[in-house]
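Listed here are the chains, written in short residue letters.
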Amino acid sequence: MKNIVNVDWLYENLDNPSVCIVDCRFVLGSPGKGLDYYVKEHISGALYFDLEKDMSSKVTEHGGRHPMPELDRMIDKLSTAGIDADTKVVAYDDQGGMMASRFWWLLKYLGHEKVYVLDGGFSKWLSKGYPVNDEIPSFPRKEFQASIQHDLLSSVEEVKKNIETKKAVLLDSRAEDRYLGENETIDIKAGHIPGAVNYFWKDVINEQNEWKSLDELKEQFKKLNSDDQIIVYCGSGVSACPNIVALNEIGFNNVKLYVGSWSDWITYEENSIAVGTED
């Protein structure tokens, strides 16, 4: 798979100076826990990137719960991590790839091609008995050169227009009950963006939190056309990202992230909301 690496490959490349490992563990609702886990133990040589401090900017009236980060700040942290165009970056978490996929998408948006998600995450690494420690590494600074890929990012304006034009397929990555508006425990309004279809992000991984095979992913998205433009969203632009990784794996190359997602959409009083099915 072109976006996924397994723990055996990473173990074999632990001492490879061209490989940078990034720990993205984060617990939604308990923002300090991910860093606590990292400080306690992590894959040897891994650096930590925080979902809310590094991969998002501060929450404001609009933009959702995890807005786009300040890119200059993130680019500086990538440079401090010793990442440049030649670096292979492997991101992992312990949340089924959700946080690591957000990091993957951000690096793709910044124009970095050599970025991967670790299959099975930290738990898989531990199950193999591969080395962990509590040492905080440092690396010589390199200059990360960004080349912004604007076509990977969608906006609330584009999504709003798409309700009328239907130029793109709008894909909601949340659990079905949240999509239907039956069980909303996070955001202040329930439902989904009109016209969206529901593909729960966890359906791209198996019970062991490992990515499904290419054939399984093709079956999962068989109702979609790889030539279509697709805009993916979720609650706050995080769990949408595994769906984007999966779609990229099977040849969908016209896929955008609506990073503000549902938590941004509902901050505009004029935006319409759908509940239930739209069949």
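Throughout what follows, the structure given in this document is the object of discussion. Just so it is clear, the model here is predicted, and its values are computed rather than measured. (Residues numbered from 1 in each chain as written. Predicted model: local features only at pLDDT ≥ 70, side-chain atom pairs only at ≥ 80, totals over all residues. Heavy atoms only, no water.)

Attention now moves to the packing of helix α3 (residues 71-80) against helix α4 (residues 98-109). Where α3 contacts α4, the axes come no closer than 12 Å and their chain directions differ by 100 degrees. Comparing the axis directions of α3 and α4 gives the class roughly perpendicular. Of α4, the residues touching α3 (which contributes Leu71, Met74 and Leu78) are Phe103, Leu106, Leu107 and Tyr109. The residue inventory of the contact of α3 with α4, partitioned by class, reads seven nonpolar, no polar and no charged. (Axes fitted to C-alpha atoms, helices over the stretch in contact; angles between N-to-C directions. Helix = DSSP H or I, 4+ residues; strand = E, 2+ residues; numbered from the N terminus. Parallel < 35°, antiparallel > 145°, perpendicular 65-115°, else oblique. Contact = heavy atoms within 4.5 Å. Nonpolar A, V, L, I, M, F, W, Y, C, P; charged D, E, K, R; others polar.)

Another point: the pairing of strand β6 (residues 115-118). Alternating positions in β6 separate into two faces, Val115 and Val117 on one and Tyr116 and Leu118 on the other, with burial throughout. As paired elements, strand β1 (residues 4-5) and β6 share two bridges and run parallel to each other. Looking at the pairing, Val5 lines up with Leu118 of β6. Pairing of strand β5 (residues 88-92) with β6 involves three bridges; the strand directions are parallel. Its bridge partner being in β6, Val90 is matched across the sheet by Tyr116. The parallel pair β5 and β6 is bridged by α4, and the resulting crossover is right-handed. (Buried < 20%, exposed > 50% of the residue type's maximum accessible area, 1.4 Å probe, protein only. Pairing = 2+ DSSP bridges. Right-handed = clockwise from strand over helix to strand, strands pointing away.)

The subject of this paragraph is the pattern of salt bridges. Taken as a whole, this structure holds 17 salt bridges when the rule is applied. Residue Arg141 is joined to Glu143 by a salt bridge in which the shortest nitrogen-to-oxygen separation is 2.9 Å. According to the relative accessible area criterion, Arg141 is partly exposed, its value standing at 43%. In this structure Glu143 comes out as partly exposed when scored by relative accessible area, which is 46%. Here Glu184 and Arg178 are joined by a salt bridge, their closest N and O atoms 3.2 Å apart. Each member of the pair, Glu184 as well as Arg178, is classed as buried. (Salt bridge = Lys/Arg side-chain N within 4 Å of Asp/Glu carboxyl O.)

On to the sheet that holds strand β12 (residues 255-258), then. Ordered in space as β8-β12-β11-β9-β10, the five strands form an open sheet in which the pairing is parallel. Looking at the sheet topology across the chains shown, the edges are occupied by β8 (153-154) and β10 (197-198). As judged from the two bridges shared by β8 and β12, these two strands associate in the parallel manner. For Leu153, the partnering residue across the bridge sits in β12 and is Leu257.

One can find Met99 in helix α4. Of the residues examined, Met99 reaches a relative accessible area of 0% and is grouped as buried. Along the backbone, Met99 and Val7 are 92 residues apart, and their C-alpha atoms lie at a distance of 17 Å. When near neighbours in sequence (up to four residues on either side) are disregarded, Met99 contacts Cys24, Phe26, Leu28, Leu51, Met55, Asp93 and Val238.

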